[in-house]
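So the chains spell out like this:
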Amino acid sequence: TVRSGQRVYARERDLIVIGTVGAGAEVMADGCVHVYGALRGRAMAGVRGDTTARVFTQEFRAELVAVAGVFKVFEQLPAELAGHAVQALLAGEELRFARLDA
């Protein structure tokens with residue numbers, strides 16, 4: 001579990017979080033970010049510009065999601081995805097979200 005106020009960064013690799021990313025916590029990776037719990041904080045994949053990086057989570061409730069510097073904050077995230085398994089990816093220059101449990 002990554003608690004509020006904590007920041008975890010995976011340099012030159014993917015980051016896998018087995019627990020929850022709490023509100024106010026931040027996880028970042030040069031590769032993909034995998035959260036096998038609830039994502040309530042901020043997740044950033046492709047921090048050094050990898051446009052193929054993705055963010056995966058089992059329970060989507062993020063404050064912010066970013067891939068290669070393209071980001072969306074809570075108010076811009078699709079409400080219908082809340083609580084579902086989701087992946088975030090870049091499609092061109094647009095950040096898109098897809099349910100994984102549909």
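Source: prediction; values computed, not measured.

## Describing the pairing of strand 7 (residues 64–67)
Both faces of strand 7 are covered, namely the face carrying Leu64 and Ala66 and the face carrying Val65 and Val67. Here strand 5 (residues 42–45) runs beside strand 7; their pairing, made up of 4 bridges, is parallel. Bridge pairing in strand 7 links Ala43 to Val65. Strand direction decides the pairing type here: strand 7 and strand 8 (residues 70–73), joined by 4 bridges, are antiparallel. For Val67, the partnering residue across the bridge sits in strand 8 and is Val70. Linkage of strand 7 to strand 8, two consecutive antiparallel strands, is achieved through a turn of 2 residues, within which Ala68 is found at a positive phi near 50°.

## Details of the sheet that holds strand 4 (residues 33–39)
Spatially, the 5 strands line up as an open sheet ordered 2-4-6-9-10, and their pairing is mixed. The outermost strands of the open sheet, each flanked by one partner alone, are strand 2 (15–17) and strand 10 (94–99). This sheet shows a mean twist of 25° between the axes of neighbouring strands, independent of strand direction. With 3 bridges connecting them, strand 2 and strand 4 associate as parallel partners. Paired with Ile16 across the two strands is His34, which belongs to strand 4.

Reading guide: rules and limits
Residues numbered from 1 in each chain as written. Predicted model: local features only at pLDDT ≥ 70, side-chain atom pairs only at ≥ 80, totals over all residues. Heavy atoms only, no water. Buried < 20%, exposed > 50% of the residue type's maximum accessible area, 1.4 Å probe, protein only. Helix = DSSP H or I, 4+ residues; strand = E, 2+ residues; numbered from the N terminus. Pairing = 2+ DSSP bridges. Axes fitted to C-alpha atoms, helices over the stretch in contact; angles between N-to-C directions.

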